[in-house]
Amino acid sequence: MHVASVTRRYHFAAAHRLHTEHLSEEENWKVFGKCNNPNGHGHNYTLFVTVRGGIDAQTGRAVAFDTLDRTVQQTVLDRFDHQDLNHDPAFADRTTTGENLVLLIWDLLLAQLPPGQLEKIGLIETRDNYFEYAGPAAQSAAVGRTGG
Ligand code: NI
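What counts as what
- Residues numbered from 1 in each chain as written.
- Predicted model: local features only at pLDDT ≥ 70, side-chain atom pairs only at ≥ 80, totals over all residues.
- Heavy atoms only, no water.
- Phe/Tyr/Trp six-rings, centres within 6.5 Å; stacked < 30°, edge-to-face > 60°.
- Helix = DSSP H or I, 4+ residues; strand = E, 2+ residues; numbered from the N terminus.
- Lys NZ or Arg CZ within 6 Å of the ring centre and 35° of its normal.
- Donors = N, O, S within 2.8 Å, 3.2 Å for Na, K, Ca; no water.
- Buried < 20%, exposed > 50% of the residue type's maximum accessible area, 1.4 Å probe, protein only.

S.K.: Hey, could you go over the packing of aromatic side chains for me, with residue numbers and the actual values?
M.R.: Going through the model one piece at a time under the given rule, you end up with three aromatic pairs. Consider the rings of F12 and F80, whose centres lie 6.0 Å apart with planes at 35 degrees: the pair is tilted. Of the two residues, F12 is situated in strand β1 (residues 3-16) and F80 in helix α2 (residues 65-80); the sequence distance between them amounts to 68 residues. Ring centres of W106 and Y133 lie 5.9 Å apart, and the angle between their planes is 85 degrees; on these two criteria the pair is classed as edge-to-face. Taken together, the residues W106 in helix α3 (residues 98-110) and Y133 in strand β5 (residues 129-133) connect sequence positions 27 residues apart. An aromatic cluster of at least three residues, connected via ring pairs, comprises F12, Y45 and F80. Here R61 stacks its cationic end above the ring of F65, 4.4 Å away from the centre of that ring.

Written as structure tokens, this is what we have:
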């Protein structure tokens, strides 16, 4: 059976502020720039979820889109859309950077999708910022704590 990769695109809007108490005010500004604005700000995130599967001889399909859509909706979009990421329990001890976000989304979906199906997470944060993660599991305690 031939294996193909399929990428689906999703959208969510969320607010955040990049700030860590491990750094001084000056250092925070230096590292995070405008994203350190004390009032926070929002992004219209574009999420790419890439999964793989064997191409079914009869349907020609490698992945059930409706199942994937439902999983992403319930696991990721319902959790983050129109929320303040800094208030999500998974970000209690880490910054809401695109890097940490793709890591978290990877772990959340890995726990819900069939074994071996998830291939890559891509996330557009701004016109010029794109983040990717393709495992291994970060196994963050926060994933278990919030029950996915
Ligand atoms: Ni930002």
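S.K.: Quick rundown of the coordination of the nickel ion? Include the residues and the values.
M.R.: Here the nickel ion is held by H16 (NE2), C35 (SG), H41 (NE2) and H43 (NE2), and the distances to it run 2.0 to 2.3 Å. Taken in chain order, the donor set of the nickel ion reads H-x18-C-x5-H-x1-H. In this pair, H16 is assigned in strand β1 and H43 in strand β2 (residues 41-54), connecting sequence segments 27 residues apart. Here H43 falls in the buried class, since its relative accessible area comes to 10%.

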